[in-house]
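The primary structure of each chain is shown beneath.
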Amino acid sequence: MPRTPATEAQRREESSRIREAASKIYADKGIAAISARAVAQEAGVSVGKIYGYFDSLTELMQSLWQGRVQKLIEKLQKVARSKPDPVDRIRSILEAYIAFAQNNPDLYKGALMFVRPEDLPKPEQQSAEDLPIMGLLVDAITEGQQAGAIRIGSPVRMAQLLWASVHGALALPINIDRFAFKERDHLTGDMVDALMEHLHPPV
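Below you will find a few notes about this structure. (Residues numbered from 1 in each chain as written. Predicted model: local features only at pLDDT ≥ 70, side-chain atom pairs only at ≥ 80, totals over all residues. Heavy atoms only, no water.)

### Description of the overall build of the protein chain
Line of reasoning, step 1. Helix and strand content of the protein chain: nine helices and zero strands.
Line of reasoning, step 2. Sequence-ordered secondary structure for the protein chain, helices as α and strands as β, is α-α-α-α-α-α-α-α-α.
Line of reasoning, step 3. The burial tally for the protein chain puts 33% of its 203 residues in the buried class.
Line of reasoning, step 4. Pairs at least 24 apart in sequence give 64% of the contacts found in the protein chain among residues at least 6 apart.
Line of reasoning, step 5. As presented, the protein chain carries roughly 12,700 Å² of accessible surface, and 51% of it is formed by carbon and sulfur atoms. (Helix = DSSP H or I, 4+ residues; strand = E, 2+ residues; numbered from the N terminus. Buried < 20%, exposed > 50% of the residue type's maximum accessible area, 1.4 Å probe, protein only. Contact = heavy atoms within 4.5 Å. Areas by Shrake-Rupley, 256 points an atom, 1.4 Å probe, with all protein chains shown as cover.)

See the structure below:
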């Protein structure tokens, strides 16, 4: 006798249970402990069920932070709308990104410092320009260049430099925590100052 298909509510509950299982394993043992078998056992489902909801383990892990990352995006968009001056807008976007990362360390480490283990399949890459923070920075840089307030150059490359530099300043004390950075609390602020100075047109 054929099995009755699961209702939409049952599917949502099962998907949520899988995500909760992955989240628990990640919190208790780290990313290296994540496997389809481990998640299935923790969630009380078959391995096949996991791939019925998620295309890969990478997609499953990314789903754990999706809602909170969306809040970051909305925060950055709100900040961008509040700053008509493009130079002020760039600084405010970078500072908002830093503040969000510092106030949500678990999210930053999990979603924005996620390093894919070699045994997980490589995801299909998308253009970095499609990322919301990149779009906001590119628009502000372009506008600033048109106003003569920002040096001439590729807005995309400049936006990547801004994001990569701030990300590095946030990640360095975390990745190399065996060293006591004397200016750790000021590292990100000093980085933003240096980046904004770099954006000024040459005299």
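From this point, the discussion proceeds with the structure in view.
### Regarding helix H7 (residues 132–146)
Line of reasoning, step 1. Compared with an ideal rise of 1.5 Å per residue, which puts 15 residues at 21 Å, H7 spans 21 Å between its outermost C-alpha atoms and is within 8% of the ideal.
Line of reasoning, step 2. Looking at H7, one finds that the buried residues are Ile133, Met134, Leu136, Leu137, Val138, Ala140, Ile141, Gly144 and Gln145.
Line of reasoning, step 3. Within two residues after H7, glycine 148 carries a phi angle of roughly 80 degrees, on the positive side. (Expected span 1.5 Å × (residues − 1).)

### Concerning helix H1 (residues 8–29)
Line of reasoning, step 1. Helix length check: H1, at 22 residues, gives a terminal C-alpha distance of 32 Å against a target of 32 Å (1.5 Å per residue), a fit within 8%.
Line of reasoning, step 2. For H1, the full list of buried residues reads Glu14, Ser15, Ile18, Ala21, Ala22 and Ile25. Here the buried residues of H1 occupy an arc of 115 degrees about the axis, which is enough to place them on one side. Exposed positions of H1 whose direction lies more than 90 degrees from the buried face are Glu8, Arg12, Glu20, Ala27 and Asp28.
Line of reasoning, step 3. Those residues of H1 that are buried are in contact with helix H2 (36–43), helix H3 (47–53) and helix H4 (57–81).
Line of reasoning, step 4. Of the residues flanking the end of H1, it is glycine 30, one or two places downstream, whose phi is positive at about 90 degrees. (Arc of directions from axis to C-beta.)

### With respect to the pattern of salt bridges
Line of reasoning, step 1. Using the criterion set out here, one finds six salt bridges in the structure.
Line of reasoning, step 2. With its nearest N and O atoms 2.9 Å apart, the salt bridge here joins lysine 24 to aspartate 28. You can see lysine 24 and its partner aspartate 28 sitting in helix H1, four residues apart, about one turn around the helix.
Line of reasoning, step 3. Overall, lysine 24 belongs to the partly exposed group, its relative accessible area being 41%.
Line of reasoning, step 4. For the salt bridge of arginine 89 with glutamate 143, the shortest nitrogen-to-oxygen distance reads 3.2 Å. Placement of the pair is arginine 89 in helix H5 (residues 86–103) and glutamate 143 in helix H7, with a sequence separation of 54 residues.
Line of reasoning, step 5. Shared partners join several salt bridges into a network, and the residues in it are Arg91, Glu95 and Asp193. (Salt bridge = Lys/Arg side-chain N within 4 Å of Asp/Glu carboxyl O.)

Honestly, that's just the spatial picture; any functional story needs more than this.
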